[in-house]
Amino acid sequence: MTVDLLLGLQWGDEGKGKIVDVLTSKYDIIARFQGGPNAGHTLEFDGIKHVLRTIPSGIFHDNNINVIGNGVVIDPVVFKGEVDGLAKFNLDIKSKLIISRKAHLILPTHRLLDAASEASKGKAKIGSTLKGIGPTYMDKTGRNGIRVGDIELEDFKERYRALADKHEAMIAFYDVNIQYNLEELEKEFFESIEDLKKLDFIDSEEYLHQAQKAGKSILCEGAQGSLLDVDFGTYPFVTSSNTTAAGACTGLGIAPNKIKEVYGIFKAYVTRVGSGPFPTELFDEDGTTMARVGNEFGSVTGRQRRCGWLDLVALKYAIQVNGVTQLMMMKGDVLSGFETLKICTEYTYKGQNIAHFPYNIEPENVTPVYKEFKGWKADLTGMTTYDELPVELKEYIDFIEKEVEVPIKIVSVGPDRTQTITK
């Protein structure tokens, strides 16, 4: 029996979907434990790019089960579109995908509330993806939410109506100009609910407990990144769930002492989408080049990502909070061609250098301290072994490993599942 955990160590978009896909053949069950359809996991193989929003990234493999855990919030309309998009690949979705009854549903009015709330903030907006994620988690913690298991109850539509009416009153309170046709949105919602009911709903904590007793191997898959964690991220510019290792326990019902390996995914540089502080952000040609070469645009939202040098202060913090045992470095190929690379090793904070992640990393409080490295020119995308990598990249990797005291086991040199080097 093995329960391993895979999560992002930056502000999301680290390449978790690809690594889950690469690792899936080793596991019987892939279980998504938090987040909603604002998180897009991109997988690329056989010349085709796939973007998954809610469905775990093991869905393309034949011999495993994919679980959507109780910590996930599901938009039935988005989910239906995702399932429909997979139809052409002849996947047996019904036998391969099961959903926790305790997962919460995103209602159409949750999306409208999200838009009204963000519009009311003006320049202080947090950069919401407007998918209704935040309001759904607010209803969850406020004990007002509607869950997947409620679909099976006779009074489901009455429960829906009561919550939707409450949401409409809240939207009116914001007093912003939000145009919508709720009748049309609800028609699509309830049609999608009927499609959702074709899948098996489970008590996922019991299912996963029995799987462990039966000796099954489980990979817990996170969404977003550690610096977006609602408790440990750069609050308030965060997501609405626990993206860190603890979220796997609460989002699946797996006991912490059952988790063995914690795989931490990070880019060879850093990106961020939306608002919020970003100490190593680049506003020059280097940042523009990173975005262009790395194709740094959101797989779901299409938003351009902000780019910057690798931040070891933030990376160490994420490793510490999550108890990471193995690292995987993504997009090393994007840094090919830079004459000089930089890594932030400390912050200047209130007049002194610190190596820990402080409460406030706003630019008026934090200035990054960099160590420079010689770049490399070689094209990495066709390389298949660690020995082939340029010596400058190996020195870059060695420095990171020494500083964070965790081994880098995988180096990704391209988006395809084959462009993955094991160290």
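Rules and cut-offs
Residues numbered from 1 in each chain as written. Predicted model: local features only at pLDDT ≥ 70, side-chain atom pairs only at ≥ 80, totals over all residues. Heavy atoms only, no water. Helix = DSSP H or I, 4+ residues; strand = E, 2+ residues; numbered from the N terminus. Rg over C-alpha atoms; globule rule 2.2 N^0.38 Å. Buried < 20%, exposed > 50% of the residue type's maximum accessible area, 1.4 Å probe, protein only. Areas by Shrake-Rupley, 256 points an atom, 1.4 Å probe, with all protein chains shown as cover. Lys, Arg positive; Asp, Glu negative; His and termini not counted. Charge placed at Lys NZ, Arg CZ, Asp CG, Glu CD. Pairing = 2+ DSSP bridges. Phe/Tyr/Trp six-rings, centres within 6.5 Å; stacked < 30°, edge-to-face > 60°. Lys NZ or Arg CZ within 6 Å of the ring centre and 35° of its normal. UniProt positions renumbered as here; feature names shortened; annotations may be inferred. Contact = heavy atoms within 4.5 Å. 1 Å grid on protein atoms, 1.4 Å probe; cavity = no way out; pocket = protein on both sides within 12 Å on 5 of 7 lines; lining within 4 Å. Points joined across faces, edges and corners; volume = space filled by probe spheres on them. Nonpolar A, V, L, I, M, F, W, Y, C, P; charged D, E, K, R; others polar.

Here we take up the overall build of the chain. Helices and strands together make up the secondary structure of the chain, namely 12 helices and 20 strands. Here the chain has a C-alpha radius of gyration of 21 Å; the compact-globule value for 423 residues is 22 Å, and the two agree. Seen through its principal axes, the chain has C-alpha atoms that stretch 65 × 50 × 40 Å. In the chain, which comprises 423 residues, the proportion classed as buried is 55%. Just so you have it, the chain exposes about 18,200 Å², and 49% of that area is on carbon and sulfur atoms. Charged side chains in the chain number 49 positive and 60 negative. The centres of these two groups are separated by 1 Å.

Take the pairing of strand β15 (residues 326-330) next. Among the 5 residues that make up β15, 5 are buried, leaving the element largely enclosed by the rest of the structure. Note: strand β11 (residues 259-267) against β15, 5 bridges, orientation parallel. Each residue of the ladder has a partner; that of Gly264, found in β15, is Leu327. Sheet topology places β15 next to strand β19 (residues 408-412); 3 bridges connect them, and they run parallel. Bridge pairing in β19 links Met329 to Val411.

This part covers the packing of aromatic side chains. Scanning the entire structure with this criterion turns up 13 aromatic pairs. Note on Trp11 and Phe278: the rings are 5.2 Å apart at their centroids and 55° apart in plane angle, and the pair reads as tilted. You can see Trp11 sitting in the loop between β1 (2-8) and α1 (16-23) and its partner Phe278 sitting in the loop between β12 (270-272) and α10 (285-293), a full 267 residues away along the chain. The pair Trp11 / Phe278 is uniform in exposure class, with both members buried. Counting every residue linked through ring pairs, the aromatic cluster contains Phe156, Tyr160, Phe189 and Phe190. Directly above the aromatic system of Phe190 lies the positively charged group of Lys157, at a separation of 5.0 Å from the ring centroid. Looking at Lys423, its charged tip hangs above the ring of Tyr386, at a distance of 5.5 Å from the centre.

Within the UniProt annotation, "active site" (unreviewed entry) is assigned to Asp13, His41 and Lys140. Overall, the relative accessible area of 27% leaves Asp13 in the partly exposed class. Setting aside chain neighbours within four positions, we find Asp13 in contact with Lys267, Thr271, Val273 and Arg305. With respect to the helices, strands and loops of the structure, Lys140 is situated in helix α5 (residues 133-141).

Of the volumes computed, that of the second largest pocket is approximately 280 Å³. In terms of lining, the second largest pocket is formed by 15 residues, of which the most central are Gly233, Thr234, Tyr235, Tyr359 and Asn360. When grouped by side-chain class, the residues that make up the lining of the second largest pocket number 10 nonpolar, 3 polar and 2 charged.

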